[in-house]
Amino acid sequence: MALFTLAPALIMMYPVLLILDITGLMDLLSRILGPVMGLWGLPGEASVVLISGMLNNAAGVAAIADLFERGVLDGYQVAIITPMAWMIFYFIQNIARIFTVIGTAKRYYVPIFVISFITCMLVGWLGLIFVHLLFCQPGQPEEGRRQRIFGCRPLETKSERKA
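Since the structure is predicted, the reported quantities are computational estimates derived from the model, not experimental observations.

Scoring rules and cut-offs
- Residues numbered from 1 in each chain as written.
- Predicted model: local features only at pLDDT ≥ 70, side-chain atom pairs only at ≥ 80, totals over all residues.
- Heavy atoms only, no water.
- Helix = DSSP H or I, 4+ residues; strand = E, 2+ residues; numbered from the N terminus.
- Buried < 20%, exposed > 50% of the residue type's maximum accessible area, 1.4 Å probe, protein only.
- Contact = heavy atoms within 4.5 Å.
- Areas by Shrake-Rupley, 256 points an atom, 1.4 Å probe, with all protein chains shown as cover.
- Core = buried A, V, L, I, M, F, W, Y, C linked by side-chain atoms within 4.5 Å.
- Salt bridge = Lys/Arg side-chain N within 4 Å of Asp/Glu carboxyl O.
- Axes fitted to C-alpha atoms, helices over the stretch in contact; angles between N-to-C directions.
- Parallel < 35°, antiparallel > 145°, perpendicular 65-115°, else oblique.
- Left-handed = near helix turned anticlockwise from the far one by under 90°.
- Nonpolar A, V, L, I, M, F, W, Y, C, P; charged D, E, K, R; others polar.
- pLDDT = per-residue confidence, 0-100.

**Q** Can you help me understand the overall build of the protein chain in this one?
**A** Helix and strand content of the protein chain: 8 helices and 2 strands. Along the protein chain, helices (α) and strands (β) appear in the sequence α-α-α-α-α-α-β-α-β-α when read from the amino end. Each of the 163 residues in the protein chain was classed as buried or not, and the buried ones make up 37%. Sequence separation of 24 or more characterises 55% of the internal contacts of the protein chain that already satisfy a separation of 6 or more. Counting only carbon and sulfur atoms, one obtains 71% of the accessible surface of the protein chain, whose full area is about 9900 Å².

Right, dumping it as structure tokens:
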């Protein structure tokens with residue numbers, strides 16, 4: 001079953017991301033949505049994950065894998081954006097079910113939309129806090145962009161401690 005669900009999304013997402021990159025649309029999305037994605041310590045290119053995740057959660061995962069493979073996302077950022085990608089998919093799916101299947105009154109559309117969207121964004125901040133608490137040593141600044149977000153460097157591995 002997973003082969004028929006995941007494989008098409010994975011196979012289709014890589015060319016879509018390649019086309020976005022070649023045409024310059026990835027850079028445009030990055031510039032426009034970069035400040036918003038920066039709230040979670042993510043580059044603007046990570047917005048593609050959420051956009052594709054709205055359509056299919058496997059497409060969101062494929063986008064994460066592609067961005068990680070190209071070095072756009074690191075392991076910390078993957079840990080932050082993965083739950084957001086899953087939440088944004090279920091956000092869209094649940095809204096579709098609530099509005100169409102249940103037949104919710106139109107006056108509730110906006111509050112449901114806002115609450116679902118806020119929940120998705122909160123998951124990102126919880127992921128950011130979780131990554132910070134779990135993987136950072138306090139008081140030891142790190143080089144680069146993670147220093148602005150976390151203010152620390154990752155925990156040392158056992159081999160690094162021995163050296």
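**Q** What is the right way to read the nonpolar core from this model?
**A** One recurring pattern in soluble globular proteins is that nonpolar side chains are buried together. Among the nonpolar cores identified, the biggest contains 30 residues, and Leu42, Val49, Leu73, Ile80, Ile81 and Met84 are the most heavily contacted of them. Mapped by element, the contributors of at least two residues to this core are helix 1 (2-23), helix 2 (25-38), helix 3 (47-55), helix 4 (57-69), helix 5 (75-102) and helix 6 (109-135). Counting residues per element, this core draws most heavily on helix 5, at 10 residues. Residues within four places of Met84 in sequence aside, it is in contact with Trp40, Leu42, Leu50, Cys120, Met121, Val123 and Gly124.

**Q** When you look at the pattern of salt bridges in this model, what are you seeing that I'm missing?
**A** Two side chains with opposite charge may pair up if their charged atoms get near one another. Using the criterion set out here, one finds 1 salt bridge in the structure. A salt bridge links Asp66 to Arg70; the shortest N-O distance between them is 3.1 Å.

**Q** Just to check I follow, could you spell out the packing of helix 3 against helix 4 for this structure?
**A** Helix-helix packing is described using two parameters, namely the angle between the two axes and the distance between the axes. Relative orientation of the contacting elements helix 3 and helix 4 amounts to 160°, with a least axis distance of 6 Å. Considering the angle they form, helix 3 stands roughly antiparallel to helix 4. Here helix 3 runs over helix 4; the crossing is right-handed. Residues Val49, Ser52 and Gly53 of helix 3 pack against Asn57, Ala59, Gly60, Ala63, Ile64 and Leu67 of helix 4. The class makeup of the residues in the contact of helix 3 with helix 4 is 5 nonpolar, 4 polar and no charged.

**Q** Looking at this model, I keep getting lost on the packing of helix 2 against helix 3. Mind explaining?
**A** As a packed pair, helix 2 and helix 3 sit with axes 9 Å apart at the nearest point and diverge in direction by 95°. In terms of orientation, helix 2 and helix 3 fall into the roughly perpendicular class. Contact with helix 2, carried on its side by Met26, Leu29, Leu33 and Met37, involves Ser47, Val48, Leu50 and Ile51 of helix 3 and no other residues of that element. Its residues placed into classes, the contact of helix 2 with helix 3 shows 7 nonpolar, 1 polar and no charged.

**Q** Looking at this structure, I do not really get the confidence of the model for the protein chain. What am I missing?
**A** Note: predicted coordinates in regions of low pLDDT should not be interpreted at a detailed level. When pLDDT is averaged across the protein chain, the result is 76; 75% of the residues are at 70 or more. Here helix 7 (residues 145-149) stands out as the element of the protein chain with the lowest mean pLDDT, 47, in contrast to helix 2, whose mean of 86 is the highest. Taken as a whole, residues 141-151 scores under 50 in pLDDT and shows 23 contacts with residues more than four places along the chain or in a different chain. This model gives residues 154-159 a pLDDT under 50, and the stretch forms 10 contacts once residues within four places in sequence are excluded.

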